[in-house]
Amino acid sequence: RKAQIPGPSPRNRSLEFPEMPTVRIKTNVAVEGKRDSICKAATAILVEVTGKPRTYVMAILEKVEILFAGTDEPAAFAEVFNIGLRPDQHVQFSEAFSDLLERELGVPRGRFYLNLYNAAGRDWGWNGRTFG
């Protein structure tokens, strides 16, 4: 199944897999007043690394309870989901999100885990259908 990508981008053409990069960030650091800027920066990372348009990017930021190495010092966990995630993008994502969380929330690089998932189109739903 093919889908049209909306918007003025030169990438507007039928694609085998529509775009759908998503990042979900969980942290034990207060995010009030920072949520918008962090989600926008996370969106920019997904756009830059994947080359996909912002139109389909989702960024989620949650304040949760985290104990890392037995302490509640600043820590974070993030997941990136993308149809067509390539192994060469893994380090780019790890570096970019480590930098973002250290700069914006004071989470040291050594207190952050990142999981990366190459999603199968058939396993991802959107607009009442799946991508595969």
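Just so it is clear, the model here is predicted, and its values are computed rather than measured.

With that out of the way, let us pick up the overall build of the protein chain. A count of helical and extended segments in the protein chain gives two helices and six strands. Mapped in sequence order, the helices and strands of the protein chain form the string β-α-β-β-α-β-β-β. By the burial criterion, 39% of the 132 residues in the protein chain qualify as buried. For the protein chain, contacts bridging at least 24 residues in sequence account for 74% of all contacts bridging at least 6. For the protein chain, the exposed area adds up to about 7500 Å²; of that, 51% sits on carbon and sulfur atoms.

Estimated volume of the largest pocket: approximately 170 Å³. What lines the largest pocket is a set of 11 residues, and nearest its centre among them are Thr-22, Tyr-56, Met-58, Trp-124 and Trp-126. Residues of the lining of the largest pocket, tallied by class, amount to seven nonpolar, three polar and one charged.

With that out of the way, let us pick up the sheet that holds strand 2 (residues 58-63). Across the sheet, four strands lie side by side as 2-1-3-4; this open sheet has mixed pairing. On the outer flanks of this sheet lie strand 2 and strand 4 (112-118), each paired with one strand and no other. Pairwise comparison of adjacent strand axes, ignoring direction, gives a mean angle of 10° for this sheet. Helix 1 (residues 35-50) contacts strand 1 (22-27), strand 2 and strand 3 (76-82) of the sheet and is inclined by roughly 140° relative to strand 2. In this fold helix 2 (residues 90-105) packs onto strand 1, strand 3 and strand 4, with an angle of close to 140° to the strand it touches most, strand 4.

The rules behind these values
Chains are numbered independently. Their residues run from 1 in the order of the written sequence. The predicted nature of this model means local features are confined to residues of pLDDT at least 70 and side-chain atom pairs, given and counted, to a pLDDT of 80 or more, with totals for whole chains, interfaces and linings taken over all residues. As a rule here, side-chain values cover all heavy atoms of the structure and leave hydrogens and water aside. Counting from the N terminus, the helices are the DSSP runs of H or I reaching at least four residues and the strands are the DSSP runs of E reaching at least two. Burial here depends on accessible area, computed with a 1.4 Å probe over protein chains only, as a share of the maximum for the residue type. Under 20% is buried, over 50% is exposed, and the range in between is partly exposed. The contact definition used throughout considers only heavy atoms, calling two residues in contact when any of these lie within 4.5 Å. Working definition of accessibility: Shrake-Rupley area with a 1.4 Å probe, residue cover restricted to the visible protein chains. Of the grid points, spaced at 1 Å and generated over the protein atoms alone, those admitting a 1.4 Å probe that cannot get out make up cavities, while open sets with protein on both sides within 12 Å along at least five of seven lines make up pockets; any residue with an atom within 4 Å of a point is treated as lining. Grid points are joined across faces, edges and corners, and a volume is the space filled by probe spheres set on the points. Amino acids are sorted into nonpolar (Ala, Val, Leu, Ile, Met, Phe, Trp, Tyr, Cys and Pro), charged (Asp, Glu, Lys and Arg) and polar (every other residue, Gly among them). DSSP-based pairing: two strands are paired if at least 2 bridges between them are found. Note on method: axes are straight lines fitted to C-alpha atoms, helices fitted across the in-contact stretch only, with angles between N-to-C directions ranging 0 to 180 degrees.

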